Every structure is written in C-alpha cells, then in structure tokens.
Amino acid sequence: MEQAVKQDTQNPQAGTAQKVALVTGGTGGIGTAICEKLANLGYKVTTTYRNEEKAKAWQKEMNDKGLDVAIYKCDVADHEDSERVVKQIAEEFGPVSVLVNNAGITRDSTFRKMTHEQWRDVISCDLDSVFNVTRPIIDAMLEQGHGRVINISSINGQKGQFGQANYSAAKAGMHGFTKALAQEVARKGITVNTISPGYIATEMVMAVPEEVRGKIIAQIPMGRLGKPEEIAHVVAFLVSDGASFITGANIAANGGHYME
Ligand code: CAA
C-alpha cells in the first residue's frame, strides 16, 4: 500500500526533481517511522546517526523494505559537525527542503540529583541541535522559496514532567524556537511547526521503570501508548501542500494525555 504511493497522483514528488529530506536521529523509534513515511512519499531521505553498527544494520533493514536512506555519522550536538554534514548532503543530493529535527535523548533524574552533565547532555542534544542543523539549512530553503521545518518536541515540554527538568526545558525551548523562526520565514514559503508526541512505544519510553510506566499509561485517556506511525502521519500532513497555511503551530499527538 505504502509502496503504491510512489506512483500515486498524490505523490508530491511526481514529475519533479526528487526533494531531499533530512531527519535527524532517524534510526530511533519515531525517527524510523518518519524516514519510512517520507521515503514512501518519494523524498530522498537522509539521516544522521551516532552509533555506526546500529545505523548500518538499520540501513540494511530499510533496504530490505525497498527504501533507500542515506546515513551520515554526525553529532548534532556539535555545531561544526552538523554544518559539515548538511554541506555534504547538499553536495550529494541537493538542498534539503524538509528538515525534521527529531534527534533527542533523555537523562532522567529528580532535579536535586541531576548533575551538570545530565543537564548539558540533554540541552545540547535536544535543543542546541535544532540551531546547529537548522542554521546551515535555512538559507538554502530561502533560496528555493520553499521549505518545511518540523521540530519533534514532547508532551513533557508542554506539561513538564517529574524527573525531567532538563528534557522539559529543552522540549519547551524547541517550540519557542518554532514560533520565532516561523515569523521570520513566513513570507518566504517556509513553514516551521512543532509536533508534541505523548508517550510512544519506543525504546526511550520502555526505558522508564515498568511500575512508573504503568502509572503513566493509566493517565492516558486512550489507555495505551502511541505508535511511531501515528507521529509519522502528522509529519506527512505537515509536509503536504494542504498544510501550507499552518505555521508556528504545536500539534499534540498524545492520546488525550494533555490538552491545552
Ligand atoms: N509526582 C510526584 N512525586 C513523584 C512522582 C511524580 N510523578 N514520581 C515519583 N515521585 C516521588 C516518589 O514517590 C518518591 O517519593 P518519596 O521519596 O516520598 O518516597 C520520590 O518522588 C522519589 O521518586 P523515585 O523513587 O522515583 O526517585 P528515583 O530517583 O528512583 O527516580 C525518576 C526518579 C528517574 C525521575 C523516576 O521517577 C522516573 O523514571 N520517572 C519517569 C520520568 C518520565 O516520565 N520520563 C519520560 C521518559 S520518555 C520520554 O521522555 C519521551 C517523551 O517525550 C514522552
């Protein structure tokens, strides 16, 4: 079904040069679903990784599904490394027109036990990365007169979470960035939006102690964790022509766990 989309008249790429998408941290749970979705929509999908062995195995799995995703070793917490990889992608495939800032980590701890390292690791990887990767891409989007920037934030940036002062700060910061940049590029054909997933069945959420996780799931009106595909569908909507008037928005996909 997804494969058929490639030939589908709804394919935004039909009859045009293949557009390039960069999904940071694409080898993770939500990232994988987003890469698959964008590849099936006809994008040339590229992604960054830190763990070579995991990334190579992941790439083979994608190949086995008929999806060709280019992978780049890159620490998005590092400004120079991010610039280098964005340049390399542009040279190999052309300018990025869809950027999904998805890379993120957790280092959960109550604030009184939180070390400076736990704070810095999360702010660097989850928030500094948004600057590091978007900054070298935005000029090319402006030149093309088209672009989609999608920041994958979190319900916990909206409501806060016990044990996540670092993560909640970074994720709330992402949406502040979205709203500021959205205003700066709104007249240039570029939209900038945030998606705030709730608790999704990924390794990150499965790392929460089972007892704590059970209590969290009990608070979700839908009574279950979300699926990575349920976030990828929102990305597909935001990159579509139909979403052209949506910018600076924060779209929650959380099973009713938090409502603003
Ligand atoms: N609200 C209020 N009090 C709480 C609480 C809560 N949510 N959770 C725990 N407490 C209390 C405990 O009852 C305990 O109280 P007492 O000392 O009076 O007994 C005290 O706080 C200490 O709690 P813990 O024993 O749990 O402390 P810990 O150091 O062992 O663990 C923690 C702390 C690591 C933060 C752990 O509670 C935890 O993992 N919580 C889950 C955090 C979470 O939701 N992370 C999300 C990860 S997934 C993700 O981030 C993806 C996404 O975007 C959604």
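Our structure's up above, just so we're on the same page.
This report concerns the structure included in the present document. It should be emphasised that the depicted structure is a prediction, and the values quoted were computed from it without experimental measurement.

Here's the deal with the site of the ligand
Around the ligand, a shell composed of 18 residues is seen, among which Asp108, Lys113, Ser154, Tyr167 and Tyr199 lie nearest. Asp108 is positioned such that a nitrogen or oxygen atom in its side chain is 2.7 Å from a nitrogen atom of the ligand. At 3.4 Å, a side-chain N or O of Gln161 approaches an oxygen atom of the ligand. Contact with the protein chains covers 55% of the free accessible surface of the ligand, which is 1100 Å². Elements that contribute at least two residues to the shell around the ligand include exactly α7 (203-206) and α8 (210-218). Of the residues belonging to the shell around the ligand, the class tally is nine nonpolar, seven polar and two charged.

Some points on empty space enclosed by the protein
By the definition in use, this model includes one cavity of 30 Å³ or more. Considering only enclosed or pocket space, the largest cavity measures out at about 40 Å³ in volume. Forming the boundary of the largest cavity are Thr24, Val76, Asn101, Asn102, Ala103, Asp126, Ser129, Val130, Val133 and Met174. With four residues, the top contributor of residues to the lining of the largest cavity is helix α4 (residues 116-144). Counted by class, the lining of the largest cavity contains five nonpolar, four polar and one charged residues.

Observations regarding the nonpolar core
Membership of the largest hydrophobic core comes to 31 residues, with the highest contact counts inside it found for Ile34, Leu38, Val100 and Val235. Elements with a minimum of two residues in this core: β1 (20-23), α1 (29-40), β2 (44-49), α2 (52-64), β3 (69-73), β4 (96-101), β5 (147-152) and α9 (228-239). Counting residues per element, this core draws most heavily on α9, which supplies seven residues. Formed by 22 residues, the second largest nonpolar core is a distinct cluster that contains Ile137, Ile138, Leu181 and Ile190.

Remarks on the packing of helix α3 (residues 79-93) against α4
Where α3 meets α4, the axes come as close as 9 Å, and the angle between the chain directions of the two elements is 35°. Here α3 and α4 pass one another in a crossing that is right-handed. Seen from α3, the contacting residues are His79, Ser82, Glu83 and Val86; seen from α4, they are Phe131, Asn132, Val133, Pro136 and Ile137. Tallied by class, the residues present in the contact of α3 with α4 amount to five nonpolar, three polar and one charged.

So, the environment of Arg148
Secondary-structure assignment places Arg148 in strand β5. Filtering out sequence-adjacent residues up to four positions away, Arg148 remains in contact with Ser97, Val98, Leu99, Met141, Gly189, Thr191, Leu238, Val239, Ser240, Asp241, Ala243 and Ser244. At a separation of 3.4 Å, a polar atom in the side chain of Arg148 contacts the main-chain carbonyl oxygen of Ser240.

Description of the side chain of Thr24
With respect to the helices, strands and loops of the structure, Thr24 is situated in the loop between β1 and α1. Of the polar contacts made by the side chain of Thr24, one reaches the backbone nitrogen of Ala103; its length is 2.9 Å. If sequence neighbours within four positions are ignored, Thr24 has contacts with Thr47, Thr48, Val76, Val100, Asn101, Asn102, Ala103 and Val133.

Focus: the sheet that holds β4
Pairing is parallel across the open sheet formed by seven strands, whose spatial order is β3-β2-β1-β4-β5-β6-β7. Lying at the two open borders of the sheet, with one neighbouring strand each, are β3 and β7 (250-253). For this sheet, the mean inter-axis angle between neighbouring strands, taken without regard to orientation, is 20°. Of the strand pairs in this sheet, β1 and β4 are connected by four bridges, and their pairing is parallel.

Looking at the packing of α4 against helix α6 (residues 165-185)
The interhelical angle for the contact between α4 and α6, taken along N-to-C directions, is 15°, at an axis separation of 8 Å. Taken together, the axis directions place α4 and α6 in an arrangement best described as roughly parallel. Remark: the crossing between α4 and α6 carries right-handed chirality. Contact residues: α4 offers Gln118, Trp119, Val122, Ile123, Asp126, Leu127, Val130, Thr134, Ile138 and Leu142, while α6 offers Ala165, Asn166, Tyr167, Ala169, Ala170, Lys171, Gly173, Met174, Phe177, Leu181 and Val185. Its residues assigned to classes, the contact of α4 with α6 comprises 15 nonpolar, four polar and two charged.

Reading the values: the criteria
- Residues numbered from 1 in each chain as written.
- Predicted model: local features only at pLDDT ≥ 70, side-chain atom pairs only at ≥ 80, totals over all residues.
- Heavy atoms only, no water.
- Near = heavy atom within 4 Å.
- Polar contact = N/O pair within 3.5 Å; in protein donor to acceptor, adjacent residues only side chain to side chain.
- Areas by Shrake-Rupley, 256 points an atom, 1.4 Å probe, with all protein chains shown as cover.
- Helix = DSSP H or I, 4+ residues; strand = E, 2+ residues; numbered from the N terminus.
- Nonpolar A, V, L, I, M, F, W, Y, C, P; charged D, E, K, R; others polar.
- 1 Å grid on protein atoms, 1.4 Å probe; cavity = no way out; pocket = protein on both sides within 12 Å on 5 of 7 lines; lining within 4 Å.
- Points joined across faces, edges and corners; volume = space filled by probe spheres on them.
- Core = buried A, V, L, I, M, F, W, Y, C linked by side-chain atoms within 4.5 Å.
- Buried < 20%, exposed > 50% of the residue type's maximum accessible area, 1.4 Å probe, protein only.
- Axes fitted to C-alpha atoms, helices over the stretch in contact; angles between N-to-C directions.
- Left-handed = near helix turned anticlockwise from the far one by under 90°.
- Contact = heavy atoms within 4.5 Å.
- Pairing = 2+ DSSP bridges.
- Parallel < 35°, antiparallel > 145°, perpendicular 65-115°, else oblique.

In short, shape yes, function no, at least from these values alone.
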